[in-house]
Each structure stands twice: as structure tokens, then as C-alpha cells.
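# Structural overview
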Amino acid sequence: MGFSPLFSCSAMGALILGCLLLQASNSNAQLRPDFYFRTCPSVFRIIGDTIVDELRTDPRIAASILRLHFHDCFVRGCDASILLDNSTSFRTEKDAAPNKNSVRGFNVIDRMKSAIERACPRTVSCADMLTIASQISVLLSGGPWWPVPLGRRDSVEAFFNLANTALPSPFSTLTQLKAAFADVGLNRASDLVALSGGHTFGRAQCQFVTPRLYNFNGTNRPDPSLNPTYLVELRQLCPQNGNGTVLVNFDPVTPNAFDRQYYTNLRNGKGLIQSDQVLFSTPGADTTTLVNQYSSNTFAFFGAFVDAMIRMGNLRPLTGTQGEIRQNCRVVNPRISVVENDDGVVSSI
């Protein structure tokens, strides 16, 4: 099935050009939306064109890119460390339990980077590229636009162990979710509820759903917060002892659209994974009020999402001379050593 974007490519290009001229009033002082205005003005167009092209054959990619950005930022900040492959110096975050055989979109990121390097060599960091790609992915799916604060640099190492502990689990309780978000500096209920709204599009594997369907918390019974009709539907999609890699829509109503349907689903007991449904079904939770608010008011959801995304994007950014600007997002730039031979000739290796 072909991709029919919610914005035409020409309309998106005009919008992005206008975006470059705006400033973010609540951005980190070291990051600014116009960072590449003179050094790489085509960066938004290149990233947007790459995503539009990929969406024609892969309707999941917009949600996958947003998730990739989230999983990057939660591990030592938004520094593109998740994009690094294994090396002799560190183990890749891609092998960590929350990411292995789960996060995706790396080949699309590679294509973006190659095109940007041709247009603006050694100028745009992979961290900024992934941040911009997330914003455009949301926009193309019907969600809000926001002025992305830019100027990040890339990590020269990956953090496998931290990725295993810092990223929230799909089986988390509300208390565990709040702790995970607070640990990285996202300590407001609106941060948690709004960013969870990223599950308004995309897919999840059955292995992250089946415990709720057959043996919730070791009870040999389904999660009591599940809508009974939805339970039947999910059991058909994810049979007990079935293929755990089968994909299920997070939102069965508008699976590829970025909208407020996610919150309506939670109110109806149709949150796909446990860490979604607990936002509404945990007794006495302050998050329940926010779910109700976002379910009935798109403007409130989009505003909270934008605010939380900017806050997340400002988590411990590498700036100035910190880190580097990778030429290939998968590997750290080669180190250059200066040597002098016996004749006093200086060269680089």
C-alpha cells in the first residue's frame, strides 16, 4: 500500500523553510533552532525527503524514528550513542535488552547522513539529525511542529550497561515509570503522559503483550484492566506460545496517525502494553487526569508533547568542543595522529 502523506512534499518544504526562521523561547541556551541556518540550510529538506521516500514502503518508519530518538535520549542524553555499532572500545547499545531486535530505522538514518554529508560535509551531528528526523516524522503523521533546538554533538562511546537499566520496560508499573523518567530529569507527570503518547502510532511485538493476556503478574489470568473485547482480539493476534515477533498496532483505530486516539484507547481499557494502561488504570494516579484531558483535547496533548520533547532533547547535550560530529553515524571518527620522521617531516596517520 503506497504512502499518502498528510502534507504534500511541497507544502512540507514551505513549512520547514518557515520553521528555520523561528526561535524557541524555552530552548537550552546552548541550543538554538537556527543553528544550521547558514552552515547547512538544506538539512531539514534532506531529512524530510528521506522520510517521505521511506514512508512509501514502510508506514512504520515514522514511529520507529521517534522511538529511536527516545531510546537515545534516555541513555546519557541525546548524543546519538544508540547509533554506534560495536567496536573494540565499547559494546553497542543496540545489543541491550530494550533495544535488541526491537529498535529499527538505522538504514534510513544512514541514508540521511550520506545525503547530508554530500551537501554539508562534517557539519551536522547525528544527534541533531535524529532529533530533526523525529520532529518531521511526527509532523508527517499529523502531529505538531515545534522549533527544534539544535547544536548537539555526538558521543564517542556507547553505553550498553546503562541502556539495560535506564530505559523503561513495557511491563513497568506507574511507580517504576515515574522513577525512570525522573532519573533522567523528566520529573513531571505531563512529561511521562505526553511522551507515552508517542504510542499513538507504530507497532509492538507480541512478546511484550502476551504476559498481560494469559499470565498477568503470575496469576495465570489476564490483566483485569484489559477491555474484554480487546482481550479477545489480542489473543487472536498473539496466541499463547505463538510467535513473539508478530507485530500488533499500538492504536487499533488510527494506527499510522499521530493523534489523541491513544488516550481514548486507555480510557476504554485498550492500552496495548502494561506501561501504557497503568497511566489510566492505576488507582488514585495523578496521570489519570492528564489522560482524560489529552483524550478530549488535541491542543492540550500536542502542547504537552512539544514541551516534553524539547525538555527531553535538552537532556545533557554535548555542545561546543565536547564529543564530535560523526561522518558515519555508526562509527566514531578515525583518530588522527601527527608524527615526525627522522628528517623532521610532519605527517598525519
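This one's a predicted model, so the numbers in the text were calculated from it and none came from an experiment.

## As for empty space enclosed by the protein
The tally for this structure, following the rule as stated, stands at three cavities of 30 Å³ or more. Within this model, the largest cavity holds a volume of roughly 50 Å³. As for the largest cavity, its lining consists of His 69, Thr 131, Trp 146, Val 148, Pro 149, Arg 152, Met 309, Ile 310 and Gly 313. When its residues are assigned to classes, the lining of the largest cavity shows five nonpolar, three polar and one charged.

## Structural notes on the pattern of salt bridges
Under the counting rule described, the total for this entry stands at 17 salt bridges. When the shortest N-O distance is used, the salt bridge between Asp 49 and Arg 45 registers 3.6 Å. In this pair, Asp 49 and Arg 45 are both assigned in helix H2 (residues 43-55), four residues apart and thus about one turn of the helix distant. Taking the relative accessible area as the measure of exposure, Arg 45 reaches 49% and is therefore partly exposed. Taking the shortest distance from any N to any O, the salt bridge between Arg 330 and Asp 110 comes out at 2.7 Å. Highlighted residues: Arg 330 in the loop between helix H14 (298-313) and strand E3 (338-340) and Asp 110 in helix H4 (residues 106-119), separated in sequence by 220 residues. One salt-bridge network, in which partners are shared between bridges, spans Asp 85, Lys 94, Asp 110 and Arg 330.

The rules behind the values
- Residues numbered from 1 in each chain as written.
- Predicted model: local features only at pLDDT ≥ 70, side-chain atom pairs only at ≥ 80, totals over all residues.
- Heavy atoms only, no water.
- 1 Å grid on protein atoms, 1.4 Å probe; cavity = no way out; pocket = protein on both sides within 12 Å on 5 of 7 lines; lining within 4 Å.
- Points joined across faces, edges and corners; volume = space filled by probe spheres on them.
- Nonpolar A, V, L, I, M, F, W, Y, C, P; charged D, E, K, R; others polar.
- Salt bridge = Lys/Arg side-chain N within 4 Å of Asp/Glu carboxyl O.
- Helix = DSSP H or I, 4+ residues; strand = E, 2+ residues; numbered from the N terminus.
- Buried < 20%, exposed > 50% of the residue type's maximum accessible area, 1.4 Å probe, protein only.

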